[in-house]
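# Observations on chain architecture
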Amino acid sequence: MKLLTHNMLTSNIIKGVTKGFPLKIAASEVKVSEVDFNPEFIARMIPKMEWSALCQAAESIGQLGDLPKELAPEYESDEEFLKKAHHVLLEVEVKEGELICPESGRKFTIRNGIPNMLLNEEEVAK
Amino acid sequence: MFPTPDISHLNSADYQYVYEPAEDSFLLMDALEKDLQSLKSARPSVCLEIGCGSGIVSTFLAQMLGPDSFYLCTDINPKALEITRNTGQQNSVLLNPVLTDLASSLADRLENKIDVLLFNPPYVVTPSEEVGSSGIEAAWAGGVNGREVLDRLLPDVHRLLSSQGVFYLVIIKENKQGDIEAIMSKYQLEMTVVMSRRSGPEHLSVLKFTRNNP
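Summarised in this report is the structure supplied together with it. Given the structure is predicted, the values throughout are model-derived calculations rather than measurements. (Residues numbered from 1 in each chain as written. Chains lettered and ligands numbered in written order. Predicted model: local features only at pLDDT ≥ 70, side-chain atom pairs only at ≥ 80, totals over all residues. Heavy atoms only, no water.)

## A closer look at the interface of chain B and chain A
Counting residues at the interface gives 27 residues for chain B and 30 residues for chain A. Carbon and sulfur atoms supply 58% of the area buried between chain B and chain A, which totals about 2400 Å² over both sides. When residues of chain B are sorted by the area they lose upon contact with chain A, F70, L99 and R109 of chain B head the list and together hold 27% of the total. Our enumeration of links across chain B and chain A arrives at three salt bridges. Counting across the interface, chain B meets chain A through 13 residue pairs in polar contact (both at pLDDT 80 or more). Of all the secondary structure elements, the ones that give two or more residues to the side of chain B that touches chain A are β2 (70–75), α4 (78–90) and β3 (96–99) of chain B. If one sorts the elements of the side of chain B that touches chain A by residue count, β3 of chain B sits on top with four residues. Partitioning the side of chain B that touches chain A into residue classes produces 13 nonpolar, six polar and eight charged. (Contact = heavy atoms within 4.5 Å. Buried area = accessible area lost by both parts, 1.4 Å probe. Salt bridge = Lys/Arg side-chain N within 4 Å of Asp/Glu carboxyl O. Polar contact = N/O pair within 3.5 Å; in protein donor to acceptor, adjacent residues only side chain to side chain. Helix = DSSP H or I, 4+ residues; strand = E, 2+ residues; numbered from the N terminus. Nonpolar A, V, L, I, M, F, W, Y, C, P; charged D, E, K, R; others polar.)

Structure follows, in C-alpha cells:
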C-alpha cells in the first residue's frame, strides 16, 4: 500500500464513524523501492492530497525524511521538492501491517501490500 | 491500435480464483481505445476500476494513458487484487489495489475526484442468493436482472466523478439499459452507448456516462 493510496482511504464505512481519516498505520514491513519520477504526475496529485495526513503517515513509519510539512507556494516548479514528494508518495510501500480507525480503533489488515477494507455485515454503515 | 496486455503470467489455476478475460473484458478495452483521444485530452489524474479481476482492463487503460495518472483498482476478491498487481507489473504499469466493496473506503476522499471510472460488473442474471460471495462467483452473479451489485453503485457515481469525469460500464441486454439510463439521468448523468457486441447468447454493451452539467 503506497502512501498515496493510504491518503485516499477512510474508515467512514463503519457504522457510526464519521471521522475515519487518516487511518493510523502500524507497519510490520515497509519496502522502499525505486519508481520512475514523473514531476507532472506528482504536481497534479499534490492538490488532491491531505498533506498533513501524508506527512503524519510517513512520519509514523519513519519515512518522512526532510519532506516539508507545509506546502510552499509554487511547489509545482520546485523539482527538489517534487522529488521528495514522489519518494514519499510512490516509493514507500507498507507491505504488512494494519490500518487503524482513529475513531473506533477497528483494525484493517494490510497483507502483501493490499489493505483489506472489507467489513463484516454488522459493521456496515447503512 | 494498442495490443492487449500480456497475461501470459496467468494460467488455468489462477482462473479458478479470478475472472478469465472474456468478450466483455475485450469489449470494454475496445471501447476505451475508441475513446482514446477524448480520454487523453481530458488529462485524467485519477482512475478507478471497480471489480478489476485479473487487472487486464486497468492495465490496458494505464498503457494507453500513461504514467501521468494514478490507477486504483478495487475488488472484493483478495486473489484478484494480487493478480491485478502482477498483471500491472508484467506490463510495466503501476496499479494500486485495495480490497474493498465497490468504492466504499475510497469514496469520501475521492469525492468528485475520479476522472475515469470503470466497472465491468457481475451482470449475469442469477438467483439473489448467489450474489455477495467473495470467490469467483462474485465475478458474474448479478442477481435479479443482473443488477443487484450495479444498483448499489449507481447512486454514488455522480459523487465520485470529477466535473469532467467519465464512467464506463459493461452491461448485457437483460440488465435493462433504459432503466439504467433513467436512473442516471436523475443524477444529471448522460448516457452514450460506446460499443455493442454479440457474444454467443450475450448482447453486450459498453455504456458511457458523463455529467450534463459539469
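## Things to note about the sheet that holds strand β7 (residues 202–211) of chain B
Residue and element names in this part refer to chain B. Judged by pairing direction, the sheet is mixed, and its seven strands sit side by side in the order β3-β2-β1-β4-β5-β7-β6 without closing on themselves. Pairing within the sheet leaves two strands with one partner each, and these edge strands are β3 and β6 (189–199). Strand-to-strand twist of the sheet, defined as the mean angle between neighbouring strand axes without regard to direction, takes the value 15 degrees. With five bridges connecting them, strand β4 (residues 114–119) and strand β5 (residues 161–172) associate as parallel partners. Residue pairing for β5: I114 is matched across the bridge by L161. (Pairing = 2+ DSSP bridges. Axes fitted to C-alpha atoms, helices over the stretch in contact; angles between N-to-C directions.)

## Here we look at helix α1 (residues 23–34) of chain B
Residues and elements named next belong to chain B. With twelve residues, α1 ought to run about 16 Å at 1.5 Å a step, and its terminal C-alpha atoms sit 16 Å apart, in line with that. Where α1 is concerned, the buried positions are D24, S25, L27, L28, M29, A31, L32 and E33. Packing partners of the buried residues in α1 comprise α2 (36–41), α3 (56–65), β4, β5, β6 and β7. (Expected span 1.5 Å × (residues − 1). Buried < 20%, exposed > 50% of the residue type's maximum accessible area, 1.4 Å probe, protein only.)

## Regarding the packing of aromatic side chains
Any two aromatic rings considered together are summarised by their centre-to-centre distance and by the angle between their planes. All names here are of chain B. Applying the stated criterion to the full structure yields five aromatic pairs over all chains. Judged by centre distance (6.2 Å) and plane angle (85 degrees), the ring pair of F2 and F60 falls under edge-to-face. Residue F2 is found in the segment before α1, and its partner F60 is found in helix α3; the two are separated by 58 residues along the sequence. Residue F2 is classed as partly exposed on the basis of its relative accessible area of 27%. (Phe/Tyr/Trp six-rings, centres within 6.5 Å; stacked < 30°, edge-to-face > 60°.)

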